[in-house]
Amino acid sequence: KMTSTFGQPVDVVQLTPELREMAEKELNETEAVREKAMADLRAMMDEEEKKGEVKFHRRDDSFLLRYLRNKKFEVERAFAVVKKWAEFRRDHPEIYSNENYSMRALEAAYRTGYMQVLPDPDKFGRAVVLIDVKKVDFHKMDFEAYVACGMYMLEVMLEDARRQVAGAVYIEDIGGLSFKNLMGLVRFMGKRKAMFQETMKDAIPIRIGGIYFMNQPWYLSFLLALIKPTLKKKMKDRFHVYGNSWDKLYERLMPKEHLPPNFGGTKELHPDDFIEYAKKIEAGLKEKGITL
């Protein structure tokens, strides 16, 4: 049964029965495991801070649980990701500037339609993120602002237990990517290759259930075919190139009625829905004295 993603975020500790069952089955989570793991992780963070090299900007339950769930409550592995994240924030202040890393910047980027979050999950309960590359000019895009918006959006999504437990899938329509814009993307990625590797390899605490590429032109099919063998098996199994086989996508993830027209569906999406959801999360954190 699918329920709307938007609305009131699900508390990260007081899980719904469905999420509790998924967390126990897939993540080895029980109340006792959760409480001990959070205490152990906080202790490791305290010891690390005493060395004076990194500072952890949060220690609340939601923050810790996203890392613990991502590593199935193996505390040392979770700590390695938390530390990597803290080092990334320390080493890249340009990403976390008030200008780039803010709700205002996220709202402006979200309204371009380049990236959208569906109000409904897929049939496995995962969030569905849509990426429409034809709405971006990679020759003009500001790299730091792009990464900052992506980070801010991720932080917002991970405040909801559904995203921590079930994770997310990405559907990328790359049919509108011209060869010229592809070269812009290659240069865009090449400028900060090391930064992408830092964040994507070891620092992002979200369960990625799959990345689906649609409508790719022949030269991108060739490029993706070259990339796939270089991926680790776990990611390779989640890397799908479907071309124009939309029916295959609908069968795999969700009915077309839940997707917008530019992704072969019939549902009208309204940017305000996700933006209001994000603002609600941000306001709830501010009441607790927590900043993203």
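Throughout what follows, the structure given in this document is the object of discussion. (Residues numbered from 1 in each chain as written. Predicted model: local features only at pLDDT ≥ 70, side-chain atom pairs only at ≥ 80, totals over all residues. Heavy atoms only, no water.)

Observations regarding the overall build of the protein
Okay, so step 1: Helices and strands together make up the secondary structure of the protein, namely 13 helices and five strands.
Okay, so step 2: Counting the 292 residues in the protein, one finds 50% classified as buried.
Okay, so step 3: Summarising the internal contacts of the protein: among those between residues at least 6 apart in sequence, 77% fall at separations of at least 24.
Okay, so step 4: Approximately 14800 Å² of the protein is accessible, and the part contributed by carbon and sulfur atoms is 53%. (Helix = DSSP H or I, 4+ residues; strand = E, 2+ residues; numbered from the N terminus. Buried < 20%, exposed > 50% of the residue type's maximum accessible area, 1.4 Å probe, protein only. Contact = heavy atoms within 4.5 Å. Areas by Shrake-Rupley, 256 points an atom, 1.4 Å probe, with all protein chains shown as cover.)

Examining the packing of helix H3 (residues 61-70) against helix H4 (residues 75-91)
How two helices pack is summed up by the angle between their axes together with the distance between the axes.
Okay, so step 1: Contact geometry for H3 and H4: axes closest at 8 Å, N-to-C directions at 120 degrees. As summarised for this structure, H3 and H4 are arranged oblique, according to the angle between their axes. Like other packed secondary-structure pairs, H3 and H4 cross with a definite hand, here right-handed. From H3, Phe63, Tyr67 and Leu68 reach across to H4, where they touch Val75, Ala78, Val81, Val82 and Trp85.
Okay, so step 2: Classifying every residue of the contact of H3 with H4 by side-chain character gives eight nonpolar, no polar and no charged. (Axes fitted to C-alpha atoms, helices over the stretch in contact; angles between N-to-C directions. Parallel < 35°, antiparallel > 145°, perpendicular 65-115°, else oblique. Left-handed = near helix turned anticlockwise from the far one by under 90°. Nonpolar A, V, L, I, M, F, W, Y, C, P; charged D, E, K, R; others polar.)

Observations regarding the sheet that holds strand E3 (residues 168-173)
Okay, so step 1: As summarised here, the arrangement of the five strands in space is E1-E2-E3-E4-E5, forming an open sheet in which the pairing is mixed. The sheet is open, and its two edges are formed by strand E1 (115-117) and strand E5 (239-243), each paired on a single side. Each strand axis lies, on average, 20 degrees off the axis of its neighbour in the sheet, ignoring direction.
Okay, so step 2: Pairing analysis gives four bridges linking strand E4 (residues 208-214) to E5, with the strands arranged parallel. Each residue of the ladder has a partner; that of isoleucine 211, found in E5, is phenylalanine 239. (Pairing = 2+ DSSP bridges.)

Side note on the nonpolar core
Okay, so step 1: Formed by 77 residues in total, the largest nonpolar core has its most connected members in Leu41, Met45, Leu68, Val117, Met153, Val156 and Phe274.
Okay, so step 2: Here this core gets nine residues from one element, more than from any other, and that element is helix H6 (residues 143-157).
Okay, so step 3: Sequence-distant contacts of leucine 68, defined by excluding residues within four places in its chain, comprise Ala37, Met38, Leu41, Phe73, Val75 and Ala78.
Okay, so step 4: The next biggest cluster of nonpolar side chains, apart from the first, holds 16 residues, and it includes Leu130, Tyr242, Leu249 and Leu253. (Core = buried A, V, L, I, M, F, W, Y, C linked by side-chain atoms within 4.5 Å.)

Observations regarding the pattern of salt bridges
Okay, so step 1: Under the definition given, this model contains 23 salt bridges.
Okay, so step 2: One salt bridge in this structure joins arginine 59 and aspartate 46, with 3.0 Å as the shortest N-O distance. Of this pair, arginine 59 sits in the loop between helix H2 (31-50) and H3 while aspartate 46 sits in helix H2, and the two are 13 residues apart along the sequence.
Okay, so step 3: With a shortest N-O distance of 2.8 Å, aspartate 91 and arginine 90 are connected by a salt bridge.
Okay, so step 4: With a relative accessible area of 39%, aspartate 91 lands in the partly exposed category.
Okay, so step 5: A residue is classified by how much of its surface remains accessible, and arginine 90, at 42% relative accessible area, is partly exposed. (Salt bridge = Lys/Arg side-chain N within 4 Å of Asp/Glu carboxyl O.)

Let's talk about the packing of aromatic side chains
Okay, so step 1: Evaluated as defined, the whole model comprises 12 aromatic pairs.
Okay, so step 2: Ring plane angle 80 degrees and centroid distance 6.3 Å describe the contact between phenylalanine 88 and tyrosine 96, whose orientation is recorded as edge-to-face. Here phenylalanine 88 matches tyrosine 96 in class, with each residue buried.
Okay, so step 3: Three or more aromatic residues joined by ring pairs make a cluster, and in this case those are Trp85, Phe88, Tyr96, Tyr101 and Tyr152. (Phe/Tyr/Trp six-rings, centres within 6.5 Å; stacked < 30°, edge-to-face > 60°.)

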